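Structural description and commentary
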Amino acid sequence: MIRKAKALGALALLSAAALAVAGCAPGNTAAPSANPDDQNSLPSTAWVRADAADVQDGGSLTLAVSSLPVNWNIYQIDGNERDTNDIYTTMSGGPIKIDESGEPVVDENYASSAELVSEDPQVVEVKLNPDAVWEDGTPITVADYQGMWKANNGSNPEYIVTSTTGWDQVSSVEQGTDEFDLKITFSSVFADWQSLLSPVLKASVTADPTTFNTGYTSQAVPSSGPFKVSSIDATAGIATLERNPNWWGETPKLETIVYRAVSQDQQGSSFSNGEIDAVEISANADLYQTAQNVQGAQIEASNGLTWTHITMRASDGPLADVNVRKAVASIVNREQIANTANAPVGVPAITQGSYIFMPGQEGYTDEALPYDTDAGAKYLEDAGYTKDGDSWVKDGTPLTFSVTVPADTATNIQRAEQIQADLSEFGIPVELNSVPVGGYFSDYIIPGDFEMVTFSWVGTAYPISSTRSLFTPVDSEQNFTGIADDRLGPLWEQANNELDPAARLETAQEIDKVLWESVPIIPIAPLPNVWAVKQGLVNWGATQFETVDWTIVGFQNS
């Protein structure tokens with residue numbers, strides 16, 4: 001599966017085989033715990049937990065990615081992929097981590113406190129841990145956050161950032177009593193301020209646009225976590241991480257972590273052969289069956305923040321007409337796609353009815369256009385099309401579409417084929433254009449060289465602020481639709497400037513209604529996290545929110 005992704009305060013793409021999104025509002029997160037009375041409920045975290053004393057010292061963990069990063073800087077648009085984010089978590093951190101319930105909490109490895117000390121103006125004060133250092137031994141200080149602000153606030157367009165959300169509302173980043181006393185002052189209220197604190201880049205990475213944009217395409221950014229990159233073999237597709245000798249926290253249990261580029265089609269056999277220690281099943285029925293036949297494999301399923309969708313390039317062509325987009329939303333059978341994806345891997349199948357919240361999150365409402373081919377026909381007629389035999393025609397031109405798909409990603413291809421079948425049966429031929437997985441985002445989606453695509457967005461704990469960049473402004477680095485409804489900017493500003501949770505949710509629901517009126521994207525279904533892991537692997541696996549503590553990931557003592 002392909003997903004897009006980003007750091008805590010932003011949405012992220014899942015790479016062609018796994019792109020991701022980050023961003024949710026504190027206090028408005030999901031009710032994560034499984035309801036024991038609901039047979040369809042899943043836990044928020046499904047991995048096997050073990051105390052540090054019960055985890056073996058040493059050993060190596062090998063994990064699969066679809067490809068190695070094209071850019072190791074996750075705040076640069078080309079680095080905003082799930083695979084890159086996954087690798088980066090082992091070598092980064094910050095003052096805020098996310099607990100099992102989806103709440104932001106202080107990570108004492110990086111800070112003793114992070115508090116809102118004033119509401120007018122909004123001021124956040126963070127007491128950084130003086131022991132926290134970069135991999136070269138230099139301390140993590142206010143200067144690093146000043147660099148983050150200057151690179152990500154949108155004031156210099158030469159920085160090609162993933163998102164300016166939050167940083168564009170910061171008026172100053174200053175030192176308090178010393179270089180470890182961080183004070184961030186906002187020009188307007190930003191409710192999801194915790195999302196800006198983790199992870200942080202070294203000031204040298206953000207020093208100038210060239211370094212920020214292209215300085216880390218073949219080398220890793222400096223580590224501030226328990227592991228650091230020791231080698232990158234681009235030819236073999238292998239990145240190896242080792243214990244960071246300057247890590248100040250508890251010594252990690254694992255000695256090394258190896259990320260190996262393996263196509264989704266090959267990951268099942270790689271797991272069976274013991275070449276990788278875990279495989280993300282997602283909605284892949286073949287992988288599910290393969291994993292069940294691996295002796296000792298543990299299959300874990302948790303709630304997720306990933307949702308599949310159809311993104312339409314609506315700046316020109318037939319999809320520039322909102323009625324055509326509404327027709328597509330009415331003709332594609334989202335319920336069938338959800339069932340096809342989830343039922344074979346033993347998890348509940350439901351559709352996604354919100355652009356902001358996941359099912360089960362406070363604030364979630366289902367405003368989706370229902371599956372209704374009669375309504376689809378009416379929308380096409382309103383757009384000026386007439387039925388001519390088996391085709392829909394306007395001004396003598398039959399309506400056709402294309403969907404750009406990444407090669408060798410079974411779940412993405414399967415979803416595209418279902419979209420193709422629904423539309424073709426209705427009289428709208430659809431061509432599937434297969435492209436190399438490595439350039440799916442950088443060469444096609446990000447430049448806007450597509451008509452329709454279907455991948456996944458992956459969220460974190462800040463849904464309201466982080467989703468904005470998907471839809472507005474029109475030139476947002478994450479808005480791949482080519483359009484933006486004029487009502488959205490003011491509404492999102494209102495939501496992000498509101499500290500009252502109830503009022504904020506009300507505005508977010510209004511945003512959802514506007515989005516369903518313009519339909520720039522068609523949400524399809526939420527995907528639970530389904531993983532198969534090697535027997536004995538603990539403290540890592542399927543989770544919805546929880547930040548992994550890489551110091552205790554490893555294999556359980558016999």
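Residues numbered from 1 in each chain as written. Predicted model: local features only at pLDDT ≥ 70, side-chain atom pairs only at ≥ 80, totals over all residues. Heavy atoms only, no water.

1. Side note on the confidence of the model for the chain
In the predicted model, the chain carries a mean pLDDT of 90, and the fraction of residues at 70 or more is 92%. In this model, residues 5-10 is a region of pLDDT below 50 whose contacts with residues beyond four sequence positions or in other chains number 47 contacts. (pLDDT = per-residue confidence, 0-100. Contact = heavy atoms within 4.5 Å.)

2. Details of the packing of aromatic side chains
Throughout the structure, instances matching the rule amount to 15 aromatic pairs. Ring geometry for Y110 versus W248: centroids 5.4 Å apart, planes at 90°, classification edge-to-face. With Y110 in the loop between β6 (104-106) and β7 (111-119) and W248 in the loop between β12 (238-243) and β13 (256-261), this residue pair connects regions lying 138 residues apart in the sequence. Taking 6.1 Å as the distance between ring centres and 10° as the angle between the ring planes, the aromatic pair formed by W457 and F480 counts as stacked. Taken together, the residues span a long stretch of sequence, with W457 in strand β22 (residues 456-458) and F480 in the loop between α11 (463-467) and α12 (488-496) at a distance of 23 residues. The same class applies to W457 as to F480, namely buried. Members of the aromatic cluster, joined through ring pairs, are Y440, F441, F455, W457 and F480. K534 extends its terminal NZ or CZ atom over the ring of F555, reaching a point 5.3 Å from the ring centre. (Phe/Tyr/Trp six-rings, centres within 6.5 Å; stacked < 30°, edge-to-face > 60°. Helix = DSSP H or I, 4+ residues; strand = E, 2+ residues; numbered from the N terminus. Buried < 20%, exposed > 50% of the residue type's maximum accessible area, 1.4 Å probe, protein only. Lys NZ or Arg CZ within 6 Å of the ring centre and 35° of its normal.)

3. A closer look at α12
Along α12, the residues that are buried comprise L488, G489, L491, W492, A495 and N496. Buried residues of α12, seen end-on, are gathered within an arc of 165° and therefore sit on one face of the element. Residues of α12 that are buried make contact with α11 and α13 (501-518). (Arc of directions from axis to C-beta.)

4. A word on the packing of helix α6 (residues 322-331) against helix α8 (residues 373-382)
Relative orientation and spacing of two packed helices are given, respectively, by the angle between their axes and the distance between those axes. The N-to-C vectors of α6 and α8 enclose an angle of 165°; their axes lie 8 Å apart at closest approach. Taken together, α6 and α8 sit at an angle that is classed as roughly antiparallel. Between α6 and α8 the crossing geometry is left-handed. Contact residues: α6 offers N323, V324, K326, A327, S330 and I331, while α8 offers T373, A375, G376, Y379, L380 and D382. For the contact of α6 with α8, a count of residues per class yields 6 nonpolar, 4 polar and 2 charged. (Axes fitted to C-alpha atoms, helices over the stretch in contact; angles between N-to-C directions. Parallel < 35°, antiparallel > 145°, perpendicular 65-115°, else oblique. Left-handed = near helix turned anticlockwise from the far one by under 90°. Nonpolar A, V, L, I, M, F, W, Y, C, P; charged D, E, K, R; others polar.)

5. Quick look at the sheet that holds β7
As summarised here, the arrangement of the 4 strands in space is β7-β8-β10-β9, forming an open sheet in which the pairing is antiparallel. Looking at which strands have only one partner, the edges of the open sheet turn out to be β7 and β9 (170-175). Strand-to-strand twist of the sheet, defined as the mean angle between neighbouring strand axes without regard to direction, takes the value 15°. Judged from the 5 bridges that link them, β9 and strand β10 (residues 181-186) form a sheet pairing that is antiparallel. The partner of E174 across the bridge, within β10, is K183. In the packing of helix α2 (residues 142-152) onto the sheet, the strands contacted are β8 (122-128), β9 and β10, and the crossing angle to β9 comes to about 165°. (Pairing = 2+ DSSP bridges.)

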